[in-house]
Structure formats: structure tokens, C-alpha cells
Amino acid sequence: MPIRGKKEKTPLGIYIHVPFCRSKCEYCDFYSLGGSRERVLIEGYLDAVCAHIKETAALAPGYKVDTVYFGGGTPSFLGWEGLTRILSEVRRRFDVAAEAEITFEANPDSVTDKLLRRLKAEGFNRISLGVQTDNDDLLKKLGRPHNYRQAVHAVELARAKGFNNISLDLIYGLPGQSLEQWEQTLGHVLELAPEHISCYGLKVEEGTPLWSYRDEANLPDDDTQADMYLSAIRILKEKGYAQYEISNFARRGLRSRHNLKYWTGGEYLGFGPSASSDFAGKRFTAEADLVGYIEGIRQGGAILSECQTLPAGERAGEYLMLRLRTSDGIEAEEYSRRFLLPFEPLQALMEKYYAQDLAVMDSGRWHLTPRGFLVSNTILVELLDAQERSIPLAKRRAY
């Protein structure tokens, strides 16, 4: 029970971007450096991140860290020594909750008995494995550094070391992939009984190797991808996984607490090149340049590519865009109270989407249906247009 009169600290998420990979995947457009790296560069990165954490923590005395997430890249590339060094610095400088969710991403081939044993002992309690598919030929085409058997072994090792919160990432819409193959992948992955599953449709991003041969890649068309998506929702629901965000499914009580901060407007601080933050009313992002990041921290120079204070209008737009990604959706009183905007124009649109089986209201909150998620971009354009034309409640005249 909190002490009477004592203000509770504000929840805060910490994100650590690890920009190293064994190799770059054909489709990846995240900032990372593939191939072996000089040890001096890795040490420079570790020194910079820890120094960055130290100097930033002084700005957050009124916060309690309840999630820490190591993403990439491939965080396990650093080994247990690098990961625990950073986590120790976070614990030393921030007030970290005893029950904090602490996640690290890993490729199956990088998971070892020693890595898991050491990380579990240091307080890591959630692992996110990039499985993507059970088809070894497809894994090879994608440039993935592992096979499916290694993924199965990684899950088995994690269970043996006491990890009881395992998330598996999958991709559908892969080159030459059929609906039947995708459903087979889901069936095999479900045999591993993960607590959380993320299903992402393959996006061909400009600048990636896949972009250069996309026309010859035999990619499933939009209708087939839509069928794969709806099939995943159906199958996972039957197996006890509730969809709580467009691409994310979890067993009861095991949603990703860290990622929910992004979708619900929570505050978080990011460390490492390309990492973004939303803190104290400002949004800022570190430059996607490892050497520049290291030198900037070392010399006290600029490391940000952008920094801005978002006006209320943009926050209101983000509320719609991010909340409607989730199964919790949006609520009239919450919206009007936070942004001083009328909900009526949005209500009229949501009722229209309801008639089209694109939205539904549960417990007073509107959220999109699976079919609504498929056309969410079109829906958001209409909602944002209605929002932009709304007259703020404070400016309405009384007659």
C-alpha cells in the first residue's frame, strides 16, 4: 500500500537498440550492421550506451522503470556479458520495479545454455525469438542464419532454464508461400506452446536486398495475404491466444507490457543508435549511425536526428492511429477529456464501420474487427480528416 501523501512514480519503459547482427536478412530495414564486427566497435557501443543511460537517468527521478526491452539487430550478438552489463547500468541508474518485464530478442542460432542461464540469473524474464517460418528453404531465401530445428531447440532450452514467457515472431506472405503452408507453420509453432506470438505480413521495403528483385520473388498477392492474416486470427483464437493488437496475440495476462507503451501513449526512453524516445512531452530519436553515436556520447556532442514537442492536435491523431491498432480501441469520454475535442464526428464514422462489420463496441470502447484491421489505413484517413475538421470544445459557442 502506497504511503499516504506520497506521490507515486510515473511508469517508464527502457528500450536498448543493439545494432549488431550475424548477417542482414533480405527484408530487414531496421538499423543494424551485419557480419562480424571489430571488438573495439562493440566495446565502444557498450561504453556509449552505459554513459548515455547514466546521463539520462538524472532527468527521470520521478519515474519507475517497469519494462526493459533489448531489440535490434540481434541483442544476443552481444553475449550475456554485454547484455548484463547494460542491464546492470539500468538498475544502477534508474528505479527499476521488482516485477519489471525484461525482454531480449534473439535469433535461434544464437541461443545457448550459458546465455540463457546467465541472463535468467540477472533478471531477464522474457525472450522474443525470431522464428519467422518452419520452412528451411524459405529461411535460407530470406537470409535467416538459422533453421527451424534450431528454433525448436532454442524454445526447449529456454523452458529448461526457467523462462515461462516466450514470444515467437512469424512472417506470412513469404516468397512462394501458400495459405496451406502458412497454416502448417502455425500448427508447428503452436506445438511449442509459446505464451505470445507475433504475426507480421512481409513488407518489401525500399533499400533492402528483397526490394531489388521483388518482381521475381513470387510474392503472394494482397488477397492471399489477407486470407493468411484472417486464418491466423481464427487459428490462434481457437488455441487460446487473444488478439490484442493488429499483429500480436497472447495468452491471458501475457501481453507485451513494453510494446503496449507504444500503442497506448506510455513514456519510454531509448538508448543506442536509431532508438526513439517519448519522454516528458517530447519525442526524439538518435541518429542511425553507430560511430556517430559513440563519438557523440564520448565528446558530449549531438546524437539526435530529431527532437520535437508534439502539439495536442498531433497527440490526438496519434491516439487514434495507435489505439485503433489494439483491441482496447478508443473511448468517447477519454478522448474528449484528453484532447478537448468532440467525439461525435468519430462516433458517426464508427457506427458506419459497425454496419460494415469493420468495427465493434465492447464495454463502451470502439475497436476494429479483424476485417477492419485489414483496411485500417483507409479508416484512419477518414477518422483523421473528421478530427481535423472538429471544432475544439473550448471554442464552441453556446446558443
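Shown above is the structure to which this text applies.
Below, the structure is looked at part by part. The shown structure was predicted, so the numbers you read here are calculated from the model rather than taken from an experiment.

**As for the overall build of the chain**
Okay, so step 1: The helix and strand tally for the chain stands at 15 helices and 14 strands.
Okay, so step 2: Taking 399 residues into account, the globule formula puts the C-alpha radius of gyration at 21 Å, and the chain, at 22 Å, falls close to it.
Okay, so step 3: By principal-axis analysis of the C-alpha atoms, the chain measures approximately 70 × 55 × 45 Å.
Okay, so step 4: Taken over 399 residues, the chain has a buried fraction of 51%.
Okay, so step 5: In the chain, 70% of the contacts between residues at least 6 apart in sequence involve partners at least 24 apart.
Okay, so step 6: Carbon and sulfur atoms make up 50% of the accessible area of the chain, which amounts to about 19,400 Å² in all.

**Quick look at unusual backbone geometry**
Okay, so step 1: That bond from G72 to G73 is cis: its omega, 20°, falls within 30 degrees of zero.
Okay, so step 2: Structurally, G73 is set in the loop between β2 (63-72) and α2 (79-93).

**Comments concerning a negative patch on the surface**
Okay, so step 1: Taken together, the side chains of D221, D222, D223 and D227 present a region of like negative charge at the surface.
Okay, so step 2: Among the secondary structure elements, D227 is positioned in helix α8 (residues 222-238).

**Describing helix α11 (residues 312-323)**
Okay, so step 1: Along its twelve residues, α11 runs 16 Å from first to last C-alpha, staying within 8% of the 16 Å computed at 1.5 Å per residue.
Okay, so step 2: Residues of α11 that are buried: A316, G317, E318, Y319, L320 and R323.
Okay, so step 3: Packed against the buried residues of α11 are α9 (257-264), β11 (282-286), α12 (332-339), α13 (344-355), β14 (365-368) and α15 (376-388).

**Some remarks on α9**
Okay, so step 1: Of all the residues in α9, the buried ones are H258, N259, L260, K261 and W263.
Okay, so step 2: In the core, the buried residues of α9 are packed alongside β1 (10-18), β2, β3 (96-106), β7 (242-245), β8 (248-250) and α11.
Okay, so step 3: The positive-phi residue at the C-terminal boundary of α9 is G265, with phi of around 80°.

**A short note on the packing of helix α6 (residues 179-190) against α8**
Okay, so step 1: The geometry of α6 relative to α8 is characterised by a closest axis approach of 10 Å and an angle of 30° between their N-to-C directions. Between α6 and α8, the interaxial angle falls into the category roughly parallel. By crossing handedness, the relation of α6 to α8 is classed as right-handed. Contact with α6, carried on its side by L179, W182, E183, L186 and L190, involves D227, M228, S231, A232, R234, I235 and L236 of α8 and no other residues of that element.
Okay, so step 2: For the contact of α6 with α8, the per-class residue count stands at eight nonpolar, one polar and three charged.

**Some thoughts on the state of the cysteines**
Okay, so step 1: Tallied over the entire structure, the rule returns zero disulfides.
Okay, so step 2: Residue C25 stays outside any disulfide, its sulfur separated by 6.1 Å from that of C28, the closest cysteine.
Okay, so step 3: Judged by its relative accessible area of 8%, C25 falls in the buried class.
Okay, so step 4: C199 takes part in no disulfide bond, and the closest cysteine sulfur, belonging to C25, lies 17 Å away.

**Comments concerning the side chain of S231**
Okay, so step 1: Tracing the backbone shows S231 in helix α8.
Okay, so step 2: In this structure S231 comes out as buried when scored by relative accessible area, which is 5%.
Okay, so step 3: Excluding anything up to four places from it in sequence, S231 contacts L179 and E183.

**A few points about the nonpolar core**
Okay, so step 1: Counting residues in hydrophobic clusters, the biggest one holds 101 residues, and the most contacted among them are I14, I16, Y45, I86, F94, F104 and C199.
Okay, so step 2: The biggest single contributor to this core is helix α1 (residues 39-57), with eight residues.
Okay, so step 3: When neighbours within four sequence positions are excluded, F104 is seen to be in contact with F70, L115, L116, L119, F124, R126, I127, S128 and F163.
Okay, so step 4: Residues C28, L138, I171 and L202 belong to the second largest nonpolar core, which totals ten residues.

**Observations regarding the environment of T84**
Okay, so step 1: Looking at the secondary structure, you find T84 in helix α2.
Okay, so step 2: Residues T84 and G123 lie 39 residues apart in sequence; the distance between their C-alpha atoms is 9.0 Å.
Okay, so step 3: Filtering out sequence-adjacent residues up to four positions away, T84 remains in contact with L119, E122 and F124.
Okay, so step 4: Looking at T84, its side chain comes within polar contact range of the main-chain oxygen of E81, at 3.2 Å.

**So, the pairing of strand β6 (residues 196-201)**
Strand residues, when the strand is regular, have side chains that alternate between the two faces of the sheet.
Okay, so step 1: Summarising the sheet, strand β5 (residues 166-172) and β6 pair through six bridges and their orientation is parallel. Considered in β6, the bridge of S167 is made with H196.
Okay, so step 2: Between the parallel pair β5 and β6, the chain is carried across by α6, and the sense of this crossover is right-handed.

**Remarks on the pattern of salt bridges**
Okay, so step 1: For the coordinates displayed, the defined rule picks out 27 salt bridges.
Okay, so step 2: Notably, a salt bridge pairs R298 with E295, separated by 2.9 Å at the nearest N-O pair. With R298 and E295 both in helix α10 (residues 290-299) and three residues apart, this pair spans about one turn of that helix.
Okay, so step 3: Using a relative accessible area of 56% as the deciding quantity, one classes R298 as exposed.
Okay, so step 4: According to the relative accessible area criterion, E295 is partly exposed, its value standing at 28%.
Okay, so step 5: By sharing partners, the salt bridges in this structure join R39, E43, D47 and R85 into a single network.

**Examining the packing of aromatic side chains**
Okay, so step 1: This structure, assessed with the given rule, holds 17 aromatic pairs.
Okay, so step 2: Here Y63 and F279 contribute two aromatic rings whose centre-to-centre distance is 4.9 Å and whose plane-to-plane angle is 45°, an arrangement assigned as tilted. Linking Y63 in strand β2 with F279 in strand β10 (residues 276-279), this pair joins segments that are 216 residues apart in sequence.
Okay, so step 3: Judged by its relative accessible area of 15%, Y63 falls in the buried class.
Okay, so step 4: On the basis of relative accessible area, F279 is assigned to the buried category, the value being 8%.
Okay, so step 5: With centroids separated by 6.4 Å and ring planes inclined at 70°, the aromatic side chains of Y354 and W366 adopt a geometry described as edge-to-face. Of this pair, Y354 sits in helix α13 while W366 sits in strand β14, and the two are twelve residues apart along the sequence.
Okay, so step 6: Overall, Y354 belongs to the exposed group, its relative accessible area being 51%.

Rules behind the numbers
Residues numbered from 1 in each chain as written. Predicted model: local features only at pLDDT ≥ 70, side-chain atom pairs only at ≥ 80, totals over all residues. Heavy atoms only, no water. Helix = DSSP H or I, 4+ residues; strand = E, 2+ residues; numbered from the N terminus. Rg over C-alpha atoms; globule rule 2.2 N^0.38 Å. Buried < 20%, exposed > 50% of the residue type's maximum accessible area, 1.4 Å probe, protein only. Contact = heavy atoms within 4.5 Å. Areas by Shrake-Rupley, 256 points an atom, 1.4 Å probe, with all protein chains shown as cover. Patch = residues over 30% accessible without salt bridge, like charges linked within 9 Å, V, L, I, M, F, W, Y side chains within 5 Å. Salt bridge = Lys/Arg side-chain N within 4 Å of Asp/Glu carboxyl O. Lys, Arg positive; Asp, Glu negative; His and termini not counted. Charge placed at Lys NZ, Arg CZ, Asp CG, Glu CD. Expected span 1.5 Å × (residues − 1). Axes fitted to C-alpha atoms, helices over the stretch in contact; angles between N-to-C directions. Parallel < 35°, antiparallel > 145°, perpendicular 65-115°, else oblique. Left-handed = near helix turned anticlockwise from the far one by under 90°. Nonpolar A, V, L, I, M, F, W, Y, C, P; charged D, E, K, R; others polar. Disulfide = S-S within 2.5 Å. Core = buried A, V, L, I, M, F, W, Y, C linked by side-chain atoms within 4.5 Å. Polar contact = N/O pair within 3.5 Å; in protein donor to acceptor, adjacent residues only side chain to side chain. Pairing = 2+ DSSP bridges. Right-handed = clockwise from strand over helix to strand, strands pointing away. Phe/Tyr/Trp six-rings, centres within 6.5 Å; stacked < 30°, edge-to-face > 60°.

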